[in-house]
Amino acid sequence: MKKLFPHTLWNRDTTSLLGCAASKFIVFDIIWCLQTTFTSFSLPEVYVNSLLTALLFILPFMLTGKKWLEYLVLFILDGLLISNLMYCRTYNSMIPLESYLLVSNLSDFTASVIDSMRWIDALLPLSTLICIYSLHKRKNRGAEASGRERGAYALRIKQYALTTLAAFLLSVILIFAKGGPEKAFNNLDNANMYTCKVPMYTIFGNLIHEANQQKTVFTPKIKAEIDNWMKHQPAYQPLADSIARKKTLVVIFCESLESWAINRKVEGKEITPNLNRYIADSHTLYAPHVLTQVKGGRSIDGQLLVSTGLLPLMSGCYAMQFPFTHYPSLVKAMKEEHPDLSSYLMTVDKPITWNQSVVAENFGISQMFFNDQWVNDEKVGSRKKLGDVSFMKQIVAKLKKGGIMKKGKSNYLQIVTYSGHNPFVLCPTT
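Worth saying up front: this structure is predicted, and the values here are computed from it rather than measured. (Residues numbered from 1 in each chain as written. Predicted model: local features only at pLDDT ≥ 70, side-chain atom pairs only at ≥ 80, totals over all residues. Heavy atoms only, no water.)

Chemist: What is the right way to read the overall build of the chain from this model?
Modeler: Helix and strand counts for the chain come out as 16 helices and eight strands. Taken across its 430 residues, the chain has 39% of its residues classed as buried. Of the contacts made within the chain by residues no fewer than 6 positions apart, 69% connect residues no fewer than 24 positions apart. Summing over all exposed atoms, the chain offers an accessible surface of approximately 25800 Å²; the carbon and sulfur share of this is 64%. (Helix = DSSP H or I, 4+ residues; strand = E, 2+ residues; numbered from the N terminus. Buried < 20%, exposed > 50% of the residue type's maximum accessible area, 1.4 Å probe, protein only. Contact = heavy atoms within 4.5 Å. Areas by Shrake-Rupley, 256 points an atom, 1.4 Å probe, with all protein chains shown as cover.)

In structure tokens, the structure reads:
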């Protein structure tokens, strides 16, 4: 223990900074578990990996002896942890690795970002402020001078490396006791344990694991498995002759609409009167009890699911990694049946949002209407983007004007709404 925790290394400065960093990870785990379960706190990985990561985060101070540099590192850590807590409140997962490069997408969704904040998150930067105050309240006594000042800098680094190595080896032992990194993570992919990954292995362990995941190569063996599965599925059943064949399809994506709003009233008024009317029609298929299938691409993953029938990537966003792939799609299938097909995308988003203009083109959509092609006379949300009422009225006006959705020809129209993206609060009913 004296070799792992020598008094020459663990003076008031280093102990306070390590305690501050370690406490951040524990506080983060507690806040994370508030909306899941505290199962992870019964597992040793939570404590071992929190200590290991905290040791790594005080490396700047160990190397330079500069407190201001360590304080900056701790504040950056606070921002990273809070960002992931906010993301977890919507998606029950950490921010995917590649999504850090998509931060520009947030500029249109400021209201949702702000609504994801909680006062309890302030405990993280508060711990840094308390650490700063405690270390500067009174000057270190001579006995607590840094190793550099006593000419023992090399010994100090050696002692720090030994302590960190011991924590690392303990973490490795726990991982390989569960079959190695891949198996340790995969064993948590179930309904009861999937939210334990981040508390157990920290955000950084999960990011490293995600970065090491290789894309599955489509091999003859995989194709044979798919073909075998397809043989055991029910044969395709065409529509009955009593249902008229249609040449036009309109797909409306209602941004962030959840099924609880359907057939509900607020102060006596229906929230979704038109959808309620359609659902009441016996010809309407309504499936409210469906678990989400989206991954890191979130809303653009929804367009992939509906437009192509494909599942999104397990890691990352297809719209960023594979935007120029030639996807199978509803539009292309209709084009084969009706060569005169005209296809349209109408949205109030920018073309660069989720790389939407490139993706839509590779889905087979030929004409697109983005934010700059609408009159913004109904400003909604913090970004003052076009609200759905005016958006729909302008779409109808375009259709009536002609040139779009030509009569007697086949048409595909995809509409993506916006108003539903704004955050809401569920209030208890009386």
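Chemist: Looking at this structure, how should I read the packing of aromatic side chains?
Modeler: The geometry of two aromatic rings is summed up by the distance between their centres and the angle between their planes. Enumeration over the complete set of coordinates arrives at eleven aromatic pairs. Summarising the aromatic geometry, the rings of Phe28 and Trp32 are spaced 5.7 Å apart at their centres and angled 40 degrees between planes, so their arrangement reads as tilted. Pair noted here: Phe28 and Trp32 are both in helix H1 (residues 12-33), with a separation of four residues, about one helical turn. Of the residues examined, Phe28 reaches a relative accessible area of 2% and is grouped as buried. Aromatic side chains Tyr318 and Tyr327 sit 5.8 Å apart centroid to centroid with 80 degrees between the ring planes, which places their arrangement in the edge-to-face category. Connected via pairs of aromatic rings, a cluster forms that spans Phe25, Phe57 and Phe204. (Phe/Tyr/Trp six-rings, centres within 6.5 Å; stacked < 30°, edge-to-face > 60°.)

Chemist: How should I be thinking about the sheet that holds strand E1 (residues 248-253) in this particular structure?
Modeler: Two strands in a sheet stick together by hydrogen bonds in their backbones, pointing the same way (parallel) or opposite ways (antiparallel). A sheet is described by the order of its strands in space; here four strands give the open sequence E1-E8-E4-E5, paired in parallel fashion. With partners counted over all chains shown, the strands left at the sheet margins are E1 and strand E5 (367-369), one partner each. Between one strand axis and the next, the sheet turns by 10 degrees as a mean value, whatever way the strands run. Sheet analysis places strand E4 (residues 342-347) next to strand E8 (residues 411-416), joined by six bridges and oriented parallel. Note that in E8 the partner of Ser343 across the bridge is Tyr412. Packing of helix H14 (residues 330-337) onto the sheet brings it into contact with E1, E4 and E8, and relative to E8 it is tilted by some 165 degrees. Docked against the sheet, helix H16 (residues 388-401) engages E1, E4, E5 and E8, running at close to 160 degrees with respect to E8. (Pairing = 2+ DSSP bridges. Axes fitted to C-alpha atoms, helices over the stretch in contact; angles between N-to-C directions.)

Chemist: How should unusual backbone geometry be read in this particular structure?
Modeler: A negative phi angle characterises most non-glycine residues, just as the trans form characterises most peptide bonds. The residue Glu267 is not glycine, and still its phi comes out positive at about 55 degrees. If you trace the backbone, Glu267 turns up in the loop between strand E2 (265-266) and strand E3 (269-270).

Chemist: Looking at this structure, I do not really get helix H2 (residues 44-57). What am I missing?
Modeler: The periodicity of an α-helix, 3.6 residues per turn, causes residues three or four positions apart to be oriented the same way. Helix length check: H2, at 14 residues, gives a terminal C-alpha distance of 20 Å against a target of 20 Å (1.5 Å per residue), a fit within 8%. For H2, the buried fraction is high: ten of the 14 residues fall into the buried class. Taken as a whole, H2 has its buried residues at Glu45, Val46, Val48, Asn49, Ser50, Leu52, Thr53, Ala54, Leu55 and Phe57. (Expected span 1.5 Å × (residues − 1).)

Chemist: Explain a nonpolar patch on the surface to me, please; I cannot follow it from the model alone.
Modeler: On the surface, Ile30, Leu34, Phe38, Phe75, Ile120, Leu123, Leu126, Leu129 and Ile130 cluster together into a nonpolar patch covering about 790 Å² of accessible area. If one sorts the elements of the nonpolar patch by residue count, helix H6 (residues 123-137) sits on top with four residues. (Patch = residues over 30% accessible without salt bridge, like charges linked within 9 Å, V, L, I, M, F, W, Y side chains within 5 Å. Salt bridge = Lys/Arg side-chain N within 4 Å of Asp/Glu carboxyl O.)

Chemist: Looking at this structure, how should I read the pattern of salt bridges?
Modeler: Opposite charge on two side chains allows them to pair when their charged atoms are near. Following the criterion strictly, the structure yields six salt bridges and no others. The residue Lys385 makes a salt bridge to Asp349 at a minimum N-O spacing of 2.6 Å. Pair noted here: Lys385 is in strand E7 (residues 385-386) and Asp349 is in the loop between E4 and helix H15 (356-362), with a separation of 36 residues, a long-range link. Per residue, the accessibility class of Lys385 equals that of Asp349, and both read buried.

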